[in-house]
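If you want the building blocks of each chain, they are given just below.
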Amino acid sequence: EAFQRPDIKAVVMAINSPGGGLHESDQAYQKIMKMKEQYNKPLVVSMGSMAASGGYYMAMPADKILANRTTMTGSIGVIMSSYNYQKLAENIGIREEVFKSAENKDLLNPMRETTAEEREIMQNIINESFGLFVDVVAAGRNMDRQAVINVADGRIYTASQALNTGLIDGIGDLDAAITEAGNMIQESDPNVILFKKIGRAHV
């Protein structure tokens, strides 16, 4: 609605998130990109206490990114894990019987050791997903791809560290982000409208 309304000239998006699934983060990213391309309005992101991993991913359509001085951000990377409780199951007398159509149908089965082939399969998936994340950041921050890879070792960054590495544009709170958005539309005293999600949407 903020993008669609003609009386709203710029959008400030507050992000306070430790991240989440790649699919969900990318869906949000694509939706925001589509809105920006369609309505051509300045977008400023204001980071809260944390905007990491998927939270950082969703900030990439922004024209400017501001983080609070205590914000933790970055965490550029992809992770997937599984448990192996085969020995525990054996100790209490549980045995699994598996019937499958192909060798890798029970990929990441926690009742047995992971095979070398399965490790390769999963690592290829992680690598491809990581490559997508890197490309999104490189485009969003106008950075060289290798420069993104150099800072994308999964770690989180403080606001000052993120600023030094080019992951954000400045340090400031939500009011500073609003001021920045006002400057982008040449408005020194902008009228601010707050959008809140009320309740839960149902389909």
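Summary of the structure given here. (Residues numbered from 1 in each chain as written. Predicted model: local features only at pLDDT ≥ 70, side-chain atom pairs only at ≥ 80, totals over all residues. Heavy atoms only, no water.)

1. Remarks on the pairing of strand E2 (residues 43–52)
Consideration 1: Within E2, seven of the ten residues are buried, which leaves the element mostly enclosed by the surrounding structure.
Consideration 2: Considered for its hand, the β-α-β crossover made up of strand E1 (residues 11–17), helix H1 (residues 22–39) and E2 is right-handed.
Consideration 3: Where E2 lies against strand E3 (residues 64–67), four bridges are found, and the strand directions are parallel. Bridge pairing in E3 links Ser46 to Leu66.
Consideration 4: In this structure, E2 lies alongside strand E4 (residues 72–74), joined through three bridges in parallel fashion. What sits directly across from Ala52, in E4, is Gly74. (Buried < 20%, exposed > 50% of the residue type's maximum accessible area, 1.4 Å probe, protein only. Helix = DSSP H or I, 4+ residues; strand = E, 2+ residues; numbered from the N terminus. Right-handed = clockwise from strand over helix to strand, strands pointing away. Pairing = 2+ DSSP bridges.)

2. Focus on unusual backbone geometry
Consideration 1: Residue Leu108 is not a glycine yet carries a positive backbone phi of 65°.
Consideration 2: Topologically, Leu108 is positioned in the loop between helix H3 (86–91) and helix H4 (116–141).

3. Some points on helix H7 (residues 174–184)
Consideration 1: What H7 keeps buried is the set Ala177, Ile178, Ala181 and Gly182. End-on, the buried residues of H7 take up no more than an arc of 145°, which puts them together on one face.
Consideration 2: Buried residues in H7 make contact with E1, E2 and E3.
Consideration 3: Taking the backbone nitrogen of Asp175 as reference, a side-chain oxygen 3.2 Å away marks Asp173 as the first, capping residue of H7.
Consideration 4: Just beyond H7, the residue with positive phi is Gln186, at close to 55°. (Arc of directions from axis to C-beta. Contact = heavy atoms within 4.5 Å. Polar contact = N/O pair within 3.5 Å; in protein donor to acceptor, adjacent residues only side chain to side chain.)

4. Some words on the pairing of E1
Consideration 1: Sheet topology places E1 next to E2; six bridges connect them, and they run parallel. Looking at E2, one finds that Ala14 is bridged to Ser46.

5. Some thoughts on the nonpolar core
Consideration 1: Within the largest apolar cluster, 34 residues are counted, with the highest numbers of intra-cluster contacts made by Met47, Met60, Ile65 and Leu167.
Consideration 2: Looking at this core, the elements that each hand over two or more residues are E1, H1, E2, helix H2 (54–57), E3, H4, helix H5 (145–151) and helix H6 (159–165).
Consideration 3: In terms of residues, this core owes the most to one element, H4, which gives five residues.
Consideration 4: Ignoring any residue separated from it by four or fewer positions in sequence, one finds Met47 in contact with Ile15, Tyr56, Ala59, Ile65, Leu66, Ala67, Asn68, Thr71, Thr73 and Ile168. (Core = buried A, V, L, I, M, F, W, Y, C linked by side-chain atoms within 4.5 Å.)

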